[in-house]
Amino acid sequence: MAPVVPVASVTTKVAQASKQRSRIAYLLLIPGLGWLAIFFVIPLVTLFMTSLQAESASKPGTYVPGIQFSNYTDALAEYWPQFVRSFVYAGLATAFALVIAYPLAYFIAFKAGNWRSLMLVLVVAPAFASFLLRTYAWKTILADDGPVTSGLNALHLLPDGRILNTGIAVVAGLTYNFLPFMVLPLYASLDKIDYRLIEAGNDLYGSPQQVFRKVTWPLSMPGVVAGTLLTFIPAAGDFINAELLGSTKDKMIGNVIQTNFIEFRDYPTASALSFALMAVILVMVLSYIRRSGTEDLV
Amino acid sequence: MPGGVARKVEDLRLVNLTKQFGGTKAVDDLSITSPAGSFFALLGASGCGKTTTLRMVAGLEDPTHGQIFIGDQDVTELRAFQRPVNTVFQSYALFPHLDIFENVAFGLRRRGVKDVDDQVIAILELVELSALARRKPSQLSGGQQQRVAVARALINQPDVLLLDEPLGALDLKLRRQMQIELKRIQSEVGTTFVHVTHDQEEAMTMADTVAVMNAGRIEQMGHPAEVYELPRTIFVANFLGQSNLIQGMKVSTGDVVEVSANGLGFRIPSKRNVAPGQSIVIGVRPEKIMVLDAHDESKLPAGHNRIYGTVTDVSYTGVSTQYLVETPWGQSIIAFEQNSIVGDRCELGDPVVLGWAPEHTFGLDPAEGLNAGLDHAVLELESDTEA
């Protein structure tokens, strides 16, 4: 048949073109991969190697390359309370952020109407001021003679009579600082929900509560997962909130790493703690994503 | 329902239903009764208030005034999830995170039915989708999704099933197929169906009763054939099918109204006339008109209304031939002739005589203007060719 020849040549041309396109796609990856290699992979390897260094026998206080796994066990044995506290504080902050952010994001997505853009700007607006400065501001807000503490004391709601320099202040600071990272992904995934699905749920005998549980909540899961990760991960490694708002009894693993690195110059211990923190978070995140089963919703 | 006990079927009554959005009345003092077990179609162009009416019945929109009754129960104050009504949404609104089985079971589960398996399987069989029960909606074609939407609503055995342009997203062939399918399901389950559509052909093929809506009001309501054969307003004459309309004056009244228009005399049985005053618009459907060569005029039965003119366009459409005939006063008359007639078709430029029986003529009130309902119909035609 006559048309066979041109058809065949057309398909090879198409194949060549698509091969060329995929080659261009790989070329586009180079800057990003290069960035990752220099600023992520190499530091990570360095960090891991540092974490295994041993103290020099001839010059105490300096470290030489080695394979000393006891750095890990020693560090964890000494600092496990701060480790655990980090995850407890980060977990609490994430839970509070979710409870505060979900209704807010829901309101912005479904009820705010023309105010939607303004409200989103307001959510992000605090980020225009420095993280450090905002945390200092909380020192004033939660100060012993400040309105919050005196108000709660008048109602006899505070066991220690104060907020600043307690775990409550640290969790409050973490919640506040990472709230936008919870609101934005939640908003994005609630906004994507077709409102007609909620109407369909109502039409099919679902009471508002049932429709929320069976339709809105499951459809917002991608936002919940993204928001909790974006809050939990940085909160677990944070040290500024514990430093400024907590007492010495409220130190988190970030503070320990910082002290070991800057003050004690115990690089292997600091590196081992950093690496262990990353590994633990990675394992937690993976099992969390797998359990929440959001793969086919994203 | 297959295997179910005989159950009561309820009618749907809307009483003085009004919905105001800001300053505009989307639905204006609507009163309709859709008899129990009937297939009722609300037909109108977009923005005529038909969807708003349906949403009020579903409970998704609160009426400004008026009441909604299902059987003897006033449901106006009930919320959507408390009403014995289910909707097949225009976009289907299937839950993307649930599979077909769970989508269909949704209503039963919300009402606390424990064992849903048998019912879900039975209804999926009714819509011929049993094999796809464990698929997600996104894995189904448009026609299959549409059937899931119907099954999801019907399984609850609602007193009234609301269909909001359910076939709008389907291509023409599938739409025809689904029309027949829906009609079959309706006669099988016997539920009262209220169907909202802008597709006049769809409304006519499926419904027992058609209500033509315009600007929030019902223009005319009745059996499709009745509304088509005897439109009572110019809007209906133009919107539902096509009509030739000629402006004239009454000459005499009686059992037969005699009308003079453009120097010609026309006769209409007075029961087919609704024009109250002297001036009148007479109308005739294109397929009622016989097109004859001018010198064959003697073949027209005596007493037929007739118009003389020149053929300006002939299009052969297979089933029929469509003529455009220009009259001496410059109006174009459209006529369809079945291709079953033996003999020559008329040609371009032929002088012809158009004839039709007085019983096929209708008389309308000219007050609303000859173009009422026309631009809508043109728009629908255009959107149909795009689809």
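Residues numbered from 1 in each chain as written. Chains lettered and ligands numbered in written order. Predicted model: local features only at pLDDT ≥ 70, side-chain atom pairs only at ≥ 80, totals over all residues.

### What about the overall build of chain B?
Of the regular secondary structure elements, chain B holds nine helices and 20 strands. Each of the three principal axes of chain B carries a C-alpha extent, and together these read 75 × 45 × 40 Å. Counting every position in chain B, which comprises 387 residues, the buried fraction comes to 42%. In chain B, the proportion of contacts linking residues at least 24 apart, taken out of those at least 6 apart, comes to 66%. (Helix = DSSP H or I, 4+ residues; strand = E, 2+ residues; numbered from the N terminus. Buried ≥ 20, exposed ≤ 12 C-beta atoms within 10 Å, placed from the backbone. Contact = placed C-beta atoms within 7 Å.)

### Considering the overall build of chain A
Scanning chain A from terminus to terminus reveals eleven helices and two strands. Along its sequence from the N terminus, chain A presents helices and strands in the succession α-β-β-α-α-α-α-α-α-α-α-α-α. Scaling as 2.2 N^0.38, a compact globule of 298 residues should have a C-alpha radius of gyration of about 19 Å, whereas chain A reaches 26 Å, well beyond that. Considering only C-alpha atoms, chain A reaches an extent of 90 × 65 × 35 Å along its principal axes. Residue burial in chain A is summarised as follows: out of 298 residues, 30% are buried. Within chain A, contacts between residues at least 6 apart in sequence are counted, and of these 69% link residues at least 24 apart. (Rg over C-alpha atoms; globule rule 2.2 N^0.38 Å.)

### Some words on the UniProt feature "transmembrane region" (unreviewed entry) in chain A
UniProt records the feature "transmembrane region" (unreviewed entry) for residues 24-49, 87-110, 117-137, 163-188, 215-236 and 270-289 of chain A in the present numbering. Structurally, residues 24-49 of chain A is divided into 100% helix and 0% strand, and its ends, taken at the C-alpha atoms, are 36 Å apart. (UniProt positions renumbered as here; feature names shortened; annotations may be inferred.)

### Quick notes on the UniProt feature "domain: ABC transmembrane type-1" (unreviewed entry) in chain A
The sites that UniProt annotates as "domain: ABC transmembrane type-1" (unreviewed entry) are residues 83-290 of chain A. The span residues 83-290 of chain A shows a helical share of 78% and a strand share of 0%, and its end C-alpha atoms are spaced 24 Å apart.

### Things to note about the UniProt feature "domain: ABC transporter" (unreviewed entry) in chain B
The positions that UniProt labels "domain: ABC transporter" (unreviewed entry) are, in the present scheme, residues 12-240 of chain B. The distance separating the terminal C-alpha atoms of residues 12-240 of chain B is 24 Å; by composition the span is 35% helix and 27% strand.

### Some details on unusual backbone geometry
A positive phi is found at Y205 of chain A, a non-glycine position, where the angle reads about 70°. Take Y205 of chain A: it is sitting in the loop between α7 (195-203) and α8 (208-237). When the 23 C-beta atoms within 10 Å are taken as the criterion, Y205 of chain A is described as buried. A positive phi angle, near 75°, is found at Y92 of chain B, a position not held by glycine. Inspection of the secondary structure assignment puts Y92 of chain B in the loop between β6 (85-88) and α2 (100-110). Looking at Y92 of chain B, the number of C-beta atoms within 10 Å reads 21, which means it is buried.

### Let's talk about the domain arrangement of chain B
Many descriptions give the size of an interface as the accessible area lost when the pieces come together. Residue and element names in this part refer to chain B. Under the domain assignment used here, chain B contains domain 1 (12-228) and domain 2 (230-386). Averaged C-alpha coordinates put domain 1 and domain 2 at centres separated by 36 Å. Opposite the ten residues of domain 1 that make contact, domain 2 presents twelve residues. Contributions of two or more residues to the side of domain 1 that touches domain 2 are made by β9 (209-214), β10 (217-222) and α7 (224-229). (Domains from an automatic or database assignment.)

### Overview of the interface of chain B and chain A
On the chain A side, the residues contacting the 17 residues of chain B number 16 residues. Contributing elements (two or more residues each) for the side of chain B that touches chain A: β6 and α2 of chain B. The element that contributes the greatest number of residues to the side of chain B that touches chain A is α2 of chain B, accounting for three residues. Of the residues belonging to the side of chain B that touches chain A, the class tally is eight nonpolar, six polar and three charged. (Nonpolar A, V, L, I, M, F, W, Y, C, P; charged D, E, K, R; others polar.)

### Examining helix α5 (residues 172-189) of chain B
Residues and elements named next belong to chain B. In this model α5 runs 26 Å from its N-terminal to its C-terminal C-alpha over 18 residues, within 8% of the 26 Å that 1.5 Å per residue would give. When α5 is considered as a whole, its buried residues turn out to be M178, Q179, L182, Q186 and V189. Angularly, the buried residues of α5 cover 115° about the axis, an arc narrow enough to put them on a single face. Turned more than 90 degrees away from the buried face of α5 sit K173, I180, R184, S187 and E188, all of them exposed. (Expected span 1.5 Å × (residues − 1). Arc of directions from axis to C-beta.)

### Brief notes about the confidence of the model for chain A
Interpretation of this model should avoid reading the predicted coordinates in detail wherever pLDDT is low. All names here are of chain A. Mean pLDDT over chain A works out to 90, with 94% of the residues at or above the 70 mark. Within chain A, the element-level pLDDT minimum falls on helix α1 (residues 4-51), averaging 81, and the maximum on helix α2 (residues 70-111), averaging 96. For residues 1-5, every residue scores under 50 in pLDDT, and the model assigns this stretch zero contacts once sequence neighbours within four places are set aside. (pLDDT = per-residue confidence, 0-100.)

### Focus on the environment of Q82 of chain B
Mapping Q82 of chain B onto the fold places it in the loop between β5 (73-74) and β6. A sequence separation of 63 residues divides Q82 of chain B from Q145 of chain B, and the C-alpha atoms of the two residues are 25 Å apart.

### Re the domain arrangement of chain A
All names here are of chain A. Entries for chain A in the domain assignment read domain 1 (4-51) and domain 2 (70-292). Computed from C-alpha atoms alone, the centre-to-centre distance between domain 1 and domain 2 is 36 Å. Taken together, the contact pairs four residues of domain 1 with seven residues of domain 2. The residue makeup of the side of domain 1 that touches domain 2, split by class, is two nonpolar, two polar and no charged.

### Things to note about the nonpolar core
Core analysis: the biggest nonpolar cluster contains 94 residues, and V57, V104, I123, A151, L162, V194 and V212 of chain B have the highest contact counts within it. If we ignore the near neighbours within four places in the chain, the residues touching V212 of chain B are L43, G44, E219, Q220, V227, V236, F239 and L240 of chain B. Within the second largest apolar cluster, 46 residues are counted, among which are F83, Y102, V224 and M252 of chain A. (Core = buried A, V, L, I, M, F, W, Y, C linked by C-beta atoms within 7 Å.)

### Quick notes on the confidence of the model for chain B
Residue and element names in this part refer to chain B. Averaged over every residue, the pLDDT of chain B is 89; the share at 70 or more is 94%. Across residues 1-6 the pLDDT falls below 50, and counting only partners more than four positions away or on other chains, this stretch makes five contacts in the model. When the criterion is pLDDT under 50, residues 382-387 qualifies, and its contacts beyond four places in sequence or with other chains add up to two contacts.

### Considerations on the pairing of β6 of chain B
All names here are of chain B. Residues of β6 alternate between two faces, with V85 and T87 on one and N86 and V88 on the opposite face, all of them buried. In this structure, β6 lies alongside strand β7 (residues 160-164), joined through four bridges in parallel fashion. From the neighbouring strand, V85 faces β7, where its bridge partner is V160. (Pairing = 2+ DSSP bridges.)

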